Amino acid sequence: SRIRMLPHFSRFPLPPLFSYLQQAAEDGPVIIVNASNYSCDTLTITSAQDPVHAPLHITVADVSELSFEFQSITKSFGSSDPKLELLKIVSILVRKLWNNVVGPVVEALGDLIQTGSHIWWCPTAGFTLLPLHAAG
């Protein structure tokens, strides 16, 4: 309890208040992307609205497979394999990410954000190993 008396530690080790998350979304929505054995889904946080939950049509096994694929590709970039073939594989992977994760999120954002707003991706679990930001 003494640490909470220090500046900026008043909530240590408590979870952040929702208002803090909304402040983080002032320049664009914060998209928390979750993968679990039960479901894969997103939670979109904007600065002025309630959070929006959206299920993703991808399984945790699919996310694991994509993560494994991406990790294998990144290891190959330093090898003597033809770079063009690796780039084709990356583009296929990024297209899968767009179709199954990023595209549906952007579509669901609809009127929640202005065109050109920044999107803050906060991946969890297997999504942390995937380049969500590159799938646009």
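Residues numbered from 1 in each chain as written. Predicted model: local features only at pLDDT ≥ 70, side-chain atom pairs only at ≥ 80, totals over all residues. Heavy atoms only, no water.

1. Let's talk about the side chain of Thr42
- Its place among the elements puts Thr42 in strand S2 (residues 40–45).
- Setting aside residues up to four positions removed in sequence, Thr42 forms contacts with Ile31, Ile32, Val33, Val52, His53, Ala54, Leu56 and Val105. (Helix = DSSP H or I, 4+ residues; strand = E, 2+ residues; numbered from the N terminus. Contact = heavy atoms within 4.5 Å.)

2. Examining the pairing of S2
- Burial runs high along S2: 5 of the 6 residues are buried.
- Both strand S1 (residues 30–35) and S2 contribute to a ladder of 6 bridges, which runs antiparallel. In the strand pairing of S2, Ala35 is matched with Cys40.
- Here S1 folds back onto S2 in antiparallel fashion, the turn holding 4 residues.
- Examined bridge by bridge, S2 and strand S3 (residues 52–55) share 4 bridges and lie antiparallel to one another. By the bridge assignment for S3, Asp41 is matched with Pro55.
- Linking S2 to S3, which pair antiparallel, is a turn of 6 residues. (Buried < 20%, exposed > 50% of the residue type's maximum accessible area, 1.4 Å probe, protein only. Pairing = 2+ DSSP bridges.)

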